[in-house]
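Read off the chains here:
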Amino acid sequence: MDRMGGTSDEEEEEEIEMEIKEEDEEDDEDDDMDEGRGGGGTILAGIGIEQMVNIGGAGENVYYRIQQPQQLQQMQLQQPQHQGGEVGQMVVVGVRRSRPKEEKERTKLRERHRRAITARILAGLRRHGNYNLRVRADINDVIAALAREAGWVVLPDGTTFPSRSSSTSQQTGRPSTGSPAVAATPVAAQTPPAPLRGVSSTGARSSVEYRPMKSVFVPASTPTAARPRTAAMLGDGGERTENSPLVGSCMETVDDKQMMAIPPKMQERDFAGTPYVPVYVMLPLGVINMKCELMDPDGLLKQLRILKSVNVDGVMVDCWWGIVESHVPLEYNWSGYKRLFQMVRDLKLKLQVVMSFHECGGNVGDDVCIPLPHWVAEIGRTNPDIFFTDREGRRNPECLTWGIDKERVLRGRTAVEVYFDYMRSFRIEFDEFFEDGVISEIEVGLGPCGELRYPSYPVKHGWRYPGIGEFQCYDQYLLKSLRKAAEARGHSFWARGPDNAGTYNSRPHETGFFCDGGDYDSYYGRFFLGWYAQVLVDHADRVLSLAKLAFEGTCIAAKISGIHWWYKTASHAAELAAGFYNPCNRDGYASIVAMLNKHAAALNFTCVELRTLDQHEDFPEALADPEGLVWQVLNAAWDVGIPVASENALPCHDRDGYNKILENAKPMNDPDGRHLAAFTYLRLSTDLMERSNFSEFERFVKRMHACT
């Protein structure tokens, strides 16, 4: 949906008042015209060049609107002939009948009330929702805007029909993207009406107790004959007397019984014959302890066998830098991983391995603490600028700043050299697993949580959802890079971070940088954000080029986080702070997927299980749109021809979440037959192994494998 720049509150109020005043004046003119109408043959003038002629009969005023006075001389008005006290018939184009004065006053009040409500709706949408509505917009424009936001197509003549994505969601029994929350609110959750009163076939009234159900209840106002429909029968006391499948959405009274027909559940999509999408399961974070030992091998083996029994393709495991190269540079301990990999191979499962160059702990879902190597922490105590830093000078030891990618500050090595040595050691140590095809993919960690992004929303620094986060470019190395970029541009005074970008928990409209029409779209803002995003792309480019060299012949991948909050604002503030230069007027993921395509790397994207409607219900102030973000990123990757994998961002055990993943994994009616290359479930746990949860998971795996 188009967004518009900010309009001052005063201007909006003036426009609203002027609009209402002008429309009221028009109504007054119409009323004056009506009052000036007389009886038999009176000609009314004074409304522009229009004239009104009374052509009505006795006791009736009927007027014909004439556009030019000359037409009076040319028209031959034939008065109706009255016979037997009856008024003759006459068909006249453009007839207006006079109304009683009381009715006109009531109509005027209703219209004023309607206009006032419309004006307030328009003002609120412009001010808080960033909807691009014209000054003279009416309720039709509002409805059209909301319909387009919900994924519908609205033509200029008002013709409205669902788009492809909306049609797909309807066929799968789910609301379309951005559907208004009210459309999905269960009726049973609303306030129960007063006890329903039915009418029997004999005319006697009988009360029926209201029972909350998932349908709309409409009492029959008149006795009706039974129609052929399957229904549940309720007796006078409200008890169920017949249990059958329910269809329709009405209530009837038949033979002293109330019939409540309930709409059938939408038939779910059949995935038989769709592409096969492999399913992996992410292993627990603490499956390997700090001594590089496999934790609870017997319990893990039992769980892996259960996964194998439902045809899961493989598992994903993090190889933690902080465990393997913990104490001394270039000394690697892979012992626990060897035992784990052997167990996986014996079960004939595949492996996705993550090169995890970040800290574990302190983020959502982290249940263990695995810091960076001790020798790196020692360097950080004397040179804290090796870590990302915010505007207040707070360091984040979650991962190394990208500013030292080419700086020899790690015992004589650069950061990318450290990463390459680690990956090369892994490739040599597990050569047999590569040769046997057990290791199917290497995902290269590129930032916090292994994701390609800045650590812009750290919980340890007080961030809480849906805060916009903060820029992380204030270590000396990134500031030096910013200074060089500003000087190369010819504006050395631009060598600074924004001073009006708010704090971790600010909202976009509370800042001068991210608000509508804010500095993010100024000359300086575009320069800074372009540099900030390019540092992210350059870092990934350098590390993936070395990963491709180390793992030649094996698929490599990079993970991108789904920062979906504030996606419905113009600036996309949370994405900007994380390094994705993706405001509403720019595609911030095109340069990233182009870089991945350069290295033949796959894209792993998160949050495919989230629904926009759910986000609106839980956090309406966040203006989130995970479905819109997923669609943008997946299509950006598919357009350049790189494989796209995905994973859920939060634990998922319900069918709705799984169905949403299936929708994204296998888009319906895609003319190019595009689909996910793989899906990784987050994560193996005791909750997943519960009978009801695992039953849903097994069903999901079958559908991903196109078995049903």
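A quick note: this is a predicted structure, and the numbers were derived from the prediction, not measured.

Rules used in this analysis
- Residues numbered from 1 in each chain as written.
- Predicted model: local features only at pLDDT ≥ 70, side-chain atom pairs only at ≥ 80, totals over all residues.
- Heavy atoms only, no water.
- Helix = DSSP H or I, 4+ residues; strand = E, 2+ residues; numbered from the N terminus.
- Buried < 20%, exposed > 50% of the residue type's maximum accessible area, 1.4 Å probe, protein only.
- Contact = heavy atoms within 4.5 Å.
- Areas by Shrake-Rupley, 256 points an atom, 1.4 Å probe, with all protein chains shown as cover.
- Pairing = 2+ DSSP bridges.
- Axes fitted to C-alpha atoms, helices over the stretch in contact; angles between N-to-C directions.
- Parallel < 35°, antiparallel > 145°, perpendicular 65-115°, else oblique.
- Left-handed = near helix turned anticlockwise from the far one by under 90°.
- Nonpolar A, V, L, I, M, F, W, Y, C, P; charged D, E, K, R; others polar.
- Arc of directions from axis to C-beta.
- Patch = residues over 30% accessible without salt bridge, like charges linked within 9 Å, V, L, I, M, F, W, Y side chains within 5 Å.
- Salt bridge = Lys/Arg side-chain N within 4 Å of Asp/Glu carboxyl O.
- Phe/Tyr/Trp six-rings, centres within 6.5 Å; stacked < 30°, edge-to-face > 60°.
- Lys NZ or Arg CZ within 6 Å of the ring centre and 35° of its normal.
- Right-handed = clockwise from strand over helix to strand, strands pointing away.
- Core = buried A, V, L, I, M, F, W, Y, C linked by side-chain atoms within 4.5 Å.
- Lys, Arg positive; Asp, Glu negative; His and termini not counted.
- Charge placed at Lys NZ, Arg CZ, Asp CG, Glu CD.

A few points about the overall build of the chain
Inference 1: Counting its regular elements, the chain contains 20 helices and 22 strands.
Inference 2: Across the 708 residues that make up the chain, the buried fraction comes to 50%.
Inference 3: When contacts within the chain are restricted to residue pairs at least 6 apart in sequence, long-range pairs at least 24 apart make up 70% of them.
Inference 4: As presented, the chain carries roughly 33,400 Å² of accessible surface, and 51% of it is formed by carbon and sulfur atoms.

Digging into the sheet that holds strand β13 (residues 279–282)
Inference 1: Spatially, eight strands are ordered β13-β14-β15-β18-β19-β20-β21-β22 in a closed barrel, and the strand pairing comes out parallel. Each strand of the sheet is rotated relative to its neighbour by a mean of 30°, with strand direction disregarded.
Inference 2: Alignment of strand β14 (residues 314–320) against strand β15 (residues 350–356), held across seven bridges, turns out to be parallel. Within β15, the position partnered with G314 by the bridge is K350.
Inference 3: Sitting on the sheet, helix α17 (residues 626–640) touches β20 (602–605) and β21 (644–647), and the angle it makes with β20 is about 175°.

A short note on the packing of helix α18 (residues 655–665) against helix α20 (residues 691–704)
Inference 1: As a packed pair, α18 and α20 sit with axes 10 Å apart at the nearest point and diverge in direction by 15°. Here α18 is positioned roughly parallel relative to α20, judged by the angle of their axes. Crossing handedness for the pair α18 and α20: right-handed. For the pair α18 and α20, the contacting residues are R655, Y658, N659, I661, L662 and A665 in the first and E696, F697, R699, F700, R703 and M704 in the second.
Inference 2: The residue inventory of the contact of α18 with α20, partitioned by class, reads seven nonpolar, one polar and four charged.

Observations regarding helix α9 (residues 374–382)
Inference 1: Buried residues of α9: W375, V376, I379 and G380, and no others. End-on, the buried residues of α9 take up no more than an arc of 145°, which puts them together on one face. Along α9, exposed side chains directed more than 90 degrees from the buried face belong to R381 and T382.
Inference 2: Elements that come into contact with the buried residues of α9 comprise α7 (321–324), β16 (387–389), β17 (395–400) and α10 (415–429).

Let's talk about the packing of helix α12 (residues 476–489) against helix α13 (residues 523–550)
Inference 1: Where α12 meets α13, the axes come as close as 11 Å, and the angle between the chain directions of the two elements is 130°. When the axis of α12 is compared with that of α13, the two are oblique. Where α12 crosses over α13, the two elements pack in a sense that is right-handed. Packed against α12, whose contacting residues are L478, S481, L482, A485, A486 and R489, the element α13 presents F527, F528, W531 and V535 at the interface.

Some words on a nonpolar patch on the surface
Inference 1: A cluster of nonpolar side chains, namely I117, I121, I139 and I143, defines an oily patch on the protein surface of about 310 Å² accessible area.
Inference 2: Listed by contribution, the elements that provide at least two residues to the nonpolar patch are α3 (101–128) and α4 (139–149).
Inference 3: Relative to the elements of secondary structure, I143 occurs in helix α4.
Inference 4: Overall, I143 belongs to the exposed group, its relative accessible area being 52%.

Details of the pairing of β20
Inference 1: With burial as the criterion, each face of β20 is covered, one bearing A602 and N604 and the other bearing L603 and F605.
Inference 2: By the bridge criterion, four bridges tie strand β19 (residues 555–560) to β20 in an arrangement that is parallel. Paired with K559 across the two strands is N604, which belongs to β20.
Inference 3: When β20 meets β21, the two strands line up parallel, connected through three bridges. The residue of β21 that forms the bridge with N604 is A645.

A few points about the packing of aromatic side chains
The geometry of an aromatic ring pair is captured by the separation of the ring centres together with the interplanar angle, meaning the angle of the planes.
Inference 1: Using the criterion set out here, one finds 49 aromatic pairs in the structure.
Inference 2: With a centroid separation of 5.6 Å and 80° between ring planes, the pair formed by F679 and F700 is classed as edge-to-face. Remark: F700 occurs in helix α20 and F679 occurs in strand β22 (residues 678–681); sequence separation between them is 21 residues.
Inference 3: Given the relative accessible area of 1%, F700 is considered buried.
Inference 4: R345 extends its terminal NZ or CZ atom over the ring of F433, reaching a point 4.4 Å from the ring centre.
Inference 5: One residue, R427, lies across the ring of F434, its end atom 4.4 Å from the ring centre.

Focus on the pairing of β21
Inference 1: What you see with β21 is no split at all: V644 and S646 on one side and A645 and E647 on the other are buried throughout.
Inference 2: For β21 and β22, the ladder comprises three bridges, and the chain directions are parallel. Residue pairing across strands places S646 opposite F679, the latter belonging to β22.
Inference 3: The parallel pair β21 and β22 is bridged by α18, and the resulting crossover is right-handed.

Quick notes on the nonpolar core
Inference 1: One finds Y337, F341, L400, F426 and F697 to be the most contacted residues of the largest nonpolar core, which totals 149 residues.
Inference 2: Sequence-distant contacts of Y337, defined by excluding residues within four places in its chain, comprise I288, C292, V317, D318, C319, W320, I323, V324 and F430.

Here we look at the pattern of salt bridges
Inference 1: Within the structure shown, the criterion is met by 31 salt bridges.
Inference 2: E359 serves as the salt-bridge partner of K460, at 3.0 Å between the closest nitrogen and oxygen. Placement of the pair is K460 in the loop between β18 (439–444) and α12 and E359 in the loop between β15 and α9, with a sequence separation of 101 residues.
Inference 3: K460 gets classed as partly exposed once you look at its relative accessible area, which sits at 39%.
Inference 4: With a relative accessible area of 12%, E359 lands in the buried category.

As for the environment of L479
Inference 1: Inspection of the secondary structure puts L479 in helix α12.
Inference 2: Each C-alpha atom, one on L479 and one on G497, is 8.7 Å from the other, the two residues being 18 residues apart in sequence.
Inference 3: Among all residues touching L479, those that are not within four sequence positions of it are C473 and Y474.

What to know about a negative patch on the surface
Inference 1: A cluster of like negative charges, contributed by D614, E617, D618 and D654, occupies part of the molecular surface.
Inference 2: Owing to a relative accessible area of 43%, E617 belongs among the partly exposed residues under this scheme.

A closer look at the environment of T554
Inference 1: Take T554: it is sitting in the loop between α13 and β19.
Inference 2: Residue T554 is classed as buried on the basis of its relative accessible area, which comes to 18%.
Inference 3: Each C-alpha atom, one on T554 and one on S440, is 6.9 Å from the other, the two residues being 114 residues apart in sequence.
Inference 4: Discounting residues that sit within four places of it in the chain, T554 has contacts with F434, I439, S440, E441 and I442.

Section: unusual backbone geometry
Inference 1: Residue P466 is bonded to the preceding Y465 through a cis peptide linkage, with omega at 5°.
Inference 2: Mapped onto the fold, P466 is located in the loop between β18 and α12.
Inference 3: With omega at -10°, the peptide bond leading from L682 into R683 counts as cis.
Inference 4: Along the chain, R683 falls in the loop between β22 and α19 (686–689).
Inference 5: With phi around 60°, N669 is a residue other than glycine that occupies positive phi space.
Inference 6: Along the polypeptide, N669 turns up in the loop between α18 and β22.

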